[in-house]
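# Chain and residue survey
Listed here are the chains, written in short residue letters.
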Amino acid sequence: MKALCEVFRLELTALVRSGTLALLTVVSVLWVLVFPFLARGDGTAEGARELYLRYSLGGVFALLVVCLLASATGTLARERAAKRLQLTVVRPVRYSAIALGKIAAHVLVGAVVLGLAALIVLFRTETEVRCSHVLAPVLPSPAEEAKLMYDTYMKDPSTSDEIRKAPKAAVLRLLTQRAIDHYQTIQTNDVASWKFEGLEGLDGLSVRMRFTNQYEMRQDVAGTFRLGGLTGVVSNITQAVLTIPLKSESGQGLAPGDVELSFVNRGGHPVMFRPRKDLNLLVPADGFSANLLRGYLVMVAVLAFVIAFGTFLSAALSRPVALFVAIVMLLVSEMSPSVLEQYPDALETSRIDRIGLAMTRVAAELTHPISSLSPLEALSKDECIEARLVGQAWAVDFLALPLLFAFLAAFVLPRKQED
């Protein structure tokens, strides 16, 4: 432990003396302060607030990911190239302690800069707004729905021969994607209902309906939501997102067993939306400050994962190669979801395409912690960043993966030294 602390101190001192900490701090503070004057929102206070929360902290987080990853890819490679690592090891110090100390120093720098940016955001943002837990309707998973649809789909006379001859796995992937974006249509005077779990003892509920997709669809909605003794009325509002409070008209609230939300369409045309993506119950929870803290903790955990990966690359590769691999991985993390979603051949008829898309899926899964900015998205929409997500991020991204990468670096370093 003493050796690890000494490595941590030396690496932190190097980061301070090199100006890395000062430069990141100045750029981050300037970005958070100047961004409101550069951004152009939709003209509403809510839109400006969402834009500020998403991209002010998002810009700082992206800067830290790129800069600290680049620094981490050189931290061990430079010492190997300068033959300084041998002097460190003979003291003696374990290779794993060297890797962990360097990772910890970089993580501390990132946490300090990100924390300063978060404090500025806190003081420049309305903190009275409460976040909400987001409850989704209980539905079969897209994969389960795809399996149920498969036989019916293949027996349908309108199904093309090309799809009938395609591999079952490709058809199931196609049906799974359709299930995710499955639209439900509610005709005039029809009633639709959805089940929710965990509603007992909750109050202050609201229904959120979205009507925006890649085609920017808008709809006039008129009707009534009902959940037990709670009701919410919608009346001809053309918006991308509707939030309808549920209130008790008779003094009765939720009773045990009230789990079904219903909607009666009283409008003059059908209502169409995607229940999996576009329908939620919102439960008010704690304030913005606590939610910002949870988002900050998740981003620090992701930074730890990114830095640990860069440190491992630094142990295994030369600085230029390690930096190149790191940049490629960042690009892959951003591009993979779009490639999988927009690839024109949904049935993957070419063998080369199947191999390439399989590799892309693996890359997308492995790089998901980097590419996903879900804390920022939830924070900007005043959705609660759940404690479960924070715990998972710290258990996996902050602890397990950095330890794994540190021990992998310790395994690789002696062999690189021999070379």
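Scroll up for the structure.
As a starting point, this report considers the structure included with it. (Residues numbered from 1 in each chain as written. Predicted model: local features only at pLDDT ≥ 70, side-chain atom pairs only at ≥ 80, totals over all residues. Heavy atoms only, no water.)

## Side note on the sheet that holds strand 4 (residues 206-210)
Here is the rule: By the convention used here, strands pair only if DSSP detects at least 2 bridges between them. A run of DSSP states H or I qualifies as a helix once it reaches four residues; a run of E qualifies as a strand once it reaches two. Both are numbered from the N-terminal end. Simply put, an axis is a line fit to the C-alpha atoms, just over the touching stretch for a helix, and the angle between two N-to-C directions goes from 0 to 180 degrees. Working rule for contacts: check all heavy atoms of both residues, and any pair within 4.5 Å makes them a contact.
One open sheet holds the 4 strands; their spatial order is 1-11-4-7, and the pairing between them is antiparallel. Looking at strand neighbours, the two that pair on one side only are strand 1 (130-135) and strand 7 (241-245), the edges of this open sheet. When the angles between neighbouring strand axes are averaged without regard to direction, this sheet yields 35 degrees. Bridging between strand 1 and strand 11 (residues 279-287) involves 5 bridges; their strand directions are antiparallel. Among the inter-strand pairings, Arg-130 is bridged to a residue of strand 11, identified as Gly-287. Across the sheet, helix 10 (residues 288-316) is in contact with strand 1 and strand 11; its angle to strand 11 comes to roughly 100 degrees.

## Concerning a nonpolar patch on the surface
The test is simple: Candidate patch residues must exceed 30% relative accessible area and have no salt bridge, after which like charges are joined if within 9 Å and Val, Leu, Ile, Met, Phe, Trp or Tyr side chains if within 5 Å. Working definition of accessibility: Shrake-Rupley area with a 1.4 Å probe, residue cover restricted to the visible protein chains. In what follows, salt bridge is the name for a side-chain nitrogen of Lys or Arg lying within 4 Å of a carboxyl oxygen of Asp or Glu. The buried label goes to any residue with under 20% of its type's maximum accessible area, the exposed label to any with over 50%, and the partly exposed label to all in between, with areas taken from a 1.4 Å probe on protein chains only.
Judged by side-chain polarity, Val-26, Leu-30, Trp-31, Leu-33, Val-34 and Leu-38 come together as a nonpolar surface patch covering roughly 510 Å² of accessible area. On the secondary structure map, Leu-30 appears in helix 2 (residues 20-38). Given a relative accessible area of 48%, Leu-30 falls into the partly exposed group.

## Comments concerning the sheet that holds strand 5 (residues 222-227)
With respect to topology, 5 strands assemble into an open sheet ordered 3-9-5-6-8, the strand pairing being antiparallel. Either end of the sheet is taken by a strand with one partner, and the two such strands are strand 3 (191-195) and strand 8 (247-248). Two strands pair when backbone bridges link them, and strand 6 (residues 230-235) and strand 8 are joined in this way by 2 bridges, in the antiparallel orientation. The residue bridging Thr-231 from the neighbouring strand is Lys-247, located in strand 8.

## Section: the pairing of strand 6
Bridge analysis of strand 5 against strand 6 gives 6 bridges, and the strand direction is antiparallel. The partner of Arg-226 across the bridge, within strand 6, is Thr-231. Counted between consecutive antiparallel strands, the loop separating strand 5 from strand 6 contains 2 residues, among which Gly-228 sits at a positive phi close to 60 degrees.

## Here we look at the nonpolar core
Put simply, the test is: The set of buried Ala, Val, Leu, Ile, Met, Phe, Trp, Tyr and Cys residues whose side-chain atoms join them within 4.5 Å is what this entry labels a nonpolar core.
In this structure, Val-32, Leu-57, Leu-64, Leu-114, Val-121, Phe-288 and Leu-292 are the most contacted members of the largest nonpolar core, which totals 67 residues. Only helix 1 (2-17), helix 2, helix 3 (45-81), helix 5 (95-124), helix 10, helix 11 (319-342), helix 14 (374-380) and helix 15 (387-418) provide two or more residues apiece to this core. The element best represented in this core is helix 10, accounting for 19 residues. Filtering out sequence-adjacent residues up to four positions away, Leu-57 remains in contact with Tyr-52, Leu-114, Ala-117, Ala-118, Val-121, Leu-292, Met-299, Leu-376 and Leu-379. Leu-242, Ile-244, Leu-279 and Leu-281 belong to the second largest nonpolar core, which has 25 residues in total.

Scope: geometric values only; no functional claims are made or implied.
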